[in-house]
Amino acid sequence: MAVSRYLQIPANVESLRKLDAFITSAVGSYGAATAVRIQLAVHEVCLNIIKHAYTGQDGEIELELVIDGARLEIVVRDSAPPIFDLSSRPPPPNPFDLPEGGWGLHIVFSVMDRVEHRRMANGNEWLLVKQLSRLDEHSAGVE
């Protein structure tokens, strides 16, 4: 039986706090390390939307989370201008350049099994997919 959750938040940094409980309520049974990694990936996508798509303007972010078996699918939508181009996986920044930013999408692609971005007529849609495993806790060294 599939588990489905929906959340709509204002596109501001303060609202990102609501993501933790939203994600943990769905994937918490797969362990704390799994929940934290997925929270990080979703936070990064939402922060990119807030900073780069809405650029500080008012807006909304919609999140739809579905777990079907061990497959987690999170769809993140906004109505901001479609500015992202993910035609290929972005390379990680050079750590020796000591960049302050640029790590967000690299983190998202590292955490999730599949990341897609679609430009829509009225905004952006992100698809994040992760195959969940109860073994994740042990592989992360968490007891």
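Computed from a prediction, not measured in an experiment: that's the story for all the values here. Each chain has its residues counted from 1, following the order in which its sequence is written. Confidence filtering applies because this is a predicted model: local features only for residues at pLDDT of at least 70, side-chain atom pairs given and counted only at 80 or more, and all residues used for totals across whole chains, interfaces and linings. Heavy atoms throughout the structure, all of them, feed into the side-chain values; hydrogens and water do not.

*Asks:* Tell me about the pattern of salt bridges, residues and numbers included.
*Replies:* One side-chain nitrogen of Lys or Arg within 4 Å of one carboxyl oxygen of Asp or Glu is enough to make a salt bridge. Here the structure, examined in full by the defined rule, presents six salt bridges. Residues Arg118 and Glu125 are paired through a salt bridge, measuring 2.8 Å at the closest nitrogen-oxygen approach. Remark: exposure states derive from per-residue accessible area (1.4 Å probe, protein chains only) relative to the maximum for the residue type, with buried under 20%, exposed over 50%, and partly exposed in between. Overall, Arg118 belongs to the partly exposed group, its relative accessible area being 33%. Taking the relative accessible area as the measure of exposure, Glu125 reaches 10% and is therefore buried. Linked through salt bridges whose partners overlap, the residues forming this network are Glu64, Arg77, Arg114, Glu116, Arg118 and Glu125.

*Asks:* Account for the sheet that holds strand E2 (residues 60-68), with residues named and values stated.
*Replies:* Read from one edge to the other, the open sheet built from five strands follows the order E1-E2-E3-E5-E4, with strand pairing classed as antiparallel. The outermost strands of the open sheet, each flanked by one partner alone, are strand E1 (3-10) and strand E4 (114-120). Geometrically, the sheet is characterised by an average inter-axis angle of 15 degrees between neighbouring strands, direction not taken into account. Any two residues whose heavy atoms approach within 4.5 Å at even a single point are treated as in contact. Note on definitions: angles span 0 to 180 degrees between N-to-C directions of axes, and those axes are lines fitted to C-alpha atoms, for helices only across the stretch in contact. In DSSP terms, a helix is any run of H or I states spanning at least four residues, a strand is any run of E spanning at least two, and both are numbered starting from the N terminus. Here helix H1 (residues 17-27) sits on the sheet in contact with E1, E2 and strand E3 (71-78), set at roughly 180 degrees to E1. Here helix H2 (residues 32-53) sits on the sheet in contact with E2, E3 and strand E5 (123-131), set at roughly 15 degrees to E3. At least two DSSP bridges between two strands are needed for those strands to be called paired.

*Asks:* Requested: an account of the confidence of the model for the protein, with residues and values cited.
*Replies:* Summarising the model, the protein shows a mean pLDDT of 85, and 79% of its residues fall at 70 or more. A residue's pLDDT is the confidence the predictor assigns to it, expressed on a 0 to 100 scale. Low pLDDT, under 50, characterises residues 137-143; the predicted model gives this stretch ten contacts beyond four residues in sequence or across chains.

*Asks:* Before we move on, can you summarise the nonpolar core with the specific residues and values?
*Replies:* Judged by nonpolar contacts, the single largest core of 37 residues is most densely connected at Leu19, Val27, Val42, Ile61, Leu63 and Val76. When residues of this core are traced back to their parent elements, those giving at least two are E1, H1, H2, E2, E3, helix H3 (104-111) and E5. Here the element with the most residues in this core is H2; it accounts for nine residues. If near-sequence neighbours (up to four positions away) are discounted, Ile61 is found in contact with Leu7, Gln8, Ile9, Ala11, Cys46, Ile49, Ile50, Tyr54, Val76 and Arg77. Take the buried residues of types Ala, Val, Leu, Ile, Met, Phe, Trp, Tyr and Cys, join any two whose side-chain atoms come within 4.5 Å, and each joined set is a nonpolar core.

*Asks:* Would you mind going over the pairing of E2 in detail, with residue names and values included?
*Replies:* A one-sided burial pattern is seen for E2, the buried positions being Ile61, Leu63, Leu65 and Ile67 and the unburied ones Glu60, Glu62, Glu64, Val66 and Asp68. Here eight bridges tie E1 to E2, and the two strands are oriented antiparallel to one another. What sits directly across from Tyr6, in E2, is Glu64. Of the pairings in the sheet, the one linking E2 to E3 comprises eight bridges and is antiparallel in character. Across the sheet, the residue bridging to Glu62 is Arg77, located in E3. Connecting E2 to the antiparallel partner E3 that follows it, the hairpin turn spans two residues, and Gly69 within it adopts a positive phi of roughly 70 degrees.

*Asks:* Please set out the environment of Ala80 residue by residue, giving values where relevant.
*Replies:* Note that Ala80 resides in the loop between E3 and H3. Residues Ala80 and Asp58 lie 22 residues apart in sequence; the distance between their C-alpha atoms is 9.4 Å.

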